[in-house]
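# Analysis of the macromolecular model
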Amino acid sequence: MNLIEKLDNKEKDQISFSFEVTPPLRGLDIGGVSKTIETLLPFYPLWIDITSHAPDVDWVKAATPALFEKKIQKKRPGTISVCAALQFKYGIDCVPHLLCRGFSVEETEDSLIDLHYLGIRNILAIRGDGDIHVENPKNPGFESHLYATDLLQQISNLREGIYLHQKAEPMKFCTGIGFYPEKHFESPNQSFGLQILQKKSLLG
């Protein structure tokens with residue numbers, strides 16, 4: 001269900017909960033996540049957020065002594081699959097986090113298509129933190145969004161049926177956005193932050 005509708009339909013004085021979980025580390029199964037969710041079910045969460053993680057940069061010992069080489073790896077893959085598994089197992093709306101950083105615009109469109117096929121209609125669109133080692137990638141043709149507003153524009157286009165390279169069936173998404181009430185550390189002032197929030201709200 002669209003989360004806006006769910007919030008509108010709840011009782012005015014009803015206390016509601018939502019929870020956020022992270023996908024398991026690469027190589028682990030989903031059992032630990034499921035056990036965590038089962039301990040939270042008595043609180044009747046309205047939805048469950050599933051975090052997403054851009055690839056991390058590690059420096060590992062190289063073949064040459066005293067040298068290190070950069071290794072880029074996504075340590076917690078599976079946001080979409082964990083989201084689908086929990087939503088269908090427990091009947092609770094799940095909200096995957098969709099990031100700009102670490103993903104090309106094509107990968108983002110593919111993820112949104114997968115979510116659409118799975119019947120997952122609620123997403124949280126955010127820029128993501130950390131190093132932007134993908135903004136100047138070595139592989140040519142790799143284009144990623146720099147800001148959440150760019151990601152929101154792509155999602156808005158898909159709601160109109162405007163894909164990257166064609167027009168096709170519109171997608172239905174309820175999109176959440178992020179905002180720093182105390183001012184984002186990159187924002188020059190609070191007024192600028194509110195302008196960005198307004199732009200996000202119009203796109204979301």
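Structural notes, computed from the coordinates. Quick caveat, the model's predicted, so the values are computed rather than measured. For every chain, the first residue of the written sequence is number 1, and numbering continues from 1 along that sequence. Local features in a predicted model are, by the rule used here, given only for residues with pLDDT of at least 70; side-chain atom pairs are given and counted only at 80 or more, and totals for whole chains, interfaces and linings are based on all residues. Hydrogens and waters are ignored; side-chain quantities use all the structure's heavy atoms.

Turning our attention to the nonpolar core. Nine residue types can take part in a nonpolar core, namely buried Ala, Val, Leu, Ile, Met, Phe, Trp, Tyr and Cys, and a core is a set of them joined through side-chain atoms within 4.5 Å. Exposure classes here rest on a 1.4 Å probe applied to the protein chains alone. A residue is buried below 20% of its type maximum, exposed above 50%, and partly exposed in between. Formed by 28 residues in total, the largest nonpolar core has its most connected members in Ile50, Leu86, Leu112 and Ile155. For this core, the secondary structure elements donating two or more residues are helix H2 (31-40), strand E2 (47-50), helix H3 (79-90), strand E5 (93-99), helix H4 (105-118), strand E6 (122-126) and helix H5 (148-159). Elements are defined by DSSP. Helices are runs of H or I of four residues or more, strands are runs of E of two residues or more, and each kind is numbered from the N terminus. Ranked by residues supplied to this core, first place goes to H3 with 5 residues. Beyond its immediate stretch of four places on either side in the chain, Ile155 contacts Leu98, Leu112, Ile123, Ala125, Phe173 and Thr175. Membership of the second largest hydrophobic core comes to 5 residues, among which are Leu46, Trp47, Val95 and Leu124. In what follows, a contact means two residues having at least one pair of non-hydrogen atoms within 4.5 Å.

The subject of this paragraph is the pattern of salt bridges. Here, a salt bridge means any side-chain nitrogen of Lys or Arg that lies within 4 Å of a carboxyl oxygen of Asp or Glu. For the coordinates displayed, the defined rule picks out 2 salt bridges. A salt bridge links Asp93 to Lys6; the shortest N-O distance between them is 2.6 Å. Linking Asp93 in strand E5 with Lys6 in helix H1 (residues 3-9), this pair joins segments that are 87 residues apart in sequence. Under the relative-accessibility criterion, Asp93 is labelled buried at 10%. Among the salt bridges present, the one from Arg127 reaches Glu186, with a minimum N-O distance of 3.1 Å. Here Arg127, found in the loop between E6 and H5, pairs with Glu186, found in the loop between strand E7 (174-176) and helix H6 (190-203); they are 59 residues apart in sequence, far enough to count as distant. On the accessibility criterion, Glu186 (43% relative accessible area) is partly exposed.

To continue, consider H6. Structural remark: α-helix, 3.6 residues per turn; residues separated by three or four positions point the same way. With 14 residues, H6 extends 20 Å from end C-alpha to end C-alpha; this agrees with the ideal 20 Å at 1.5 Å per step. Those residues of H6 that fall on the buried side of the exposure criterion are Gly193, Lys200 and Leu203. Taken down its axis, H6 places every buried residue within 80 degrees of arc, on the same side. In this structure, H6 carries Gln198 and Leu202 as exposed residues pointing more than 90 degrees from its buried face. On its buried side, H6 packs onto H5. Here a polar contact means two N or O atoms within 3.5 Å. Within protein one must be a hydrogen donor candidate and the other an acceptor candidate, and residues neighboring in sequence count only if both atoms are side-chain atoms. N-cap assignment for H6: the residue whose side-chain oxygen lies 3.2 Å from the backbone N of Ser191 is Asn189. Helix span, as expected, comes to 1.5 Å for every residue beyond the first. Arc definition: it is the arc formed by the directions from the helix axis to the C-beta atoms.

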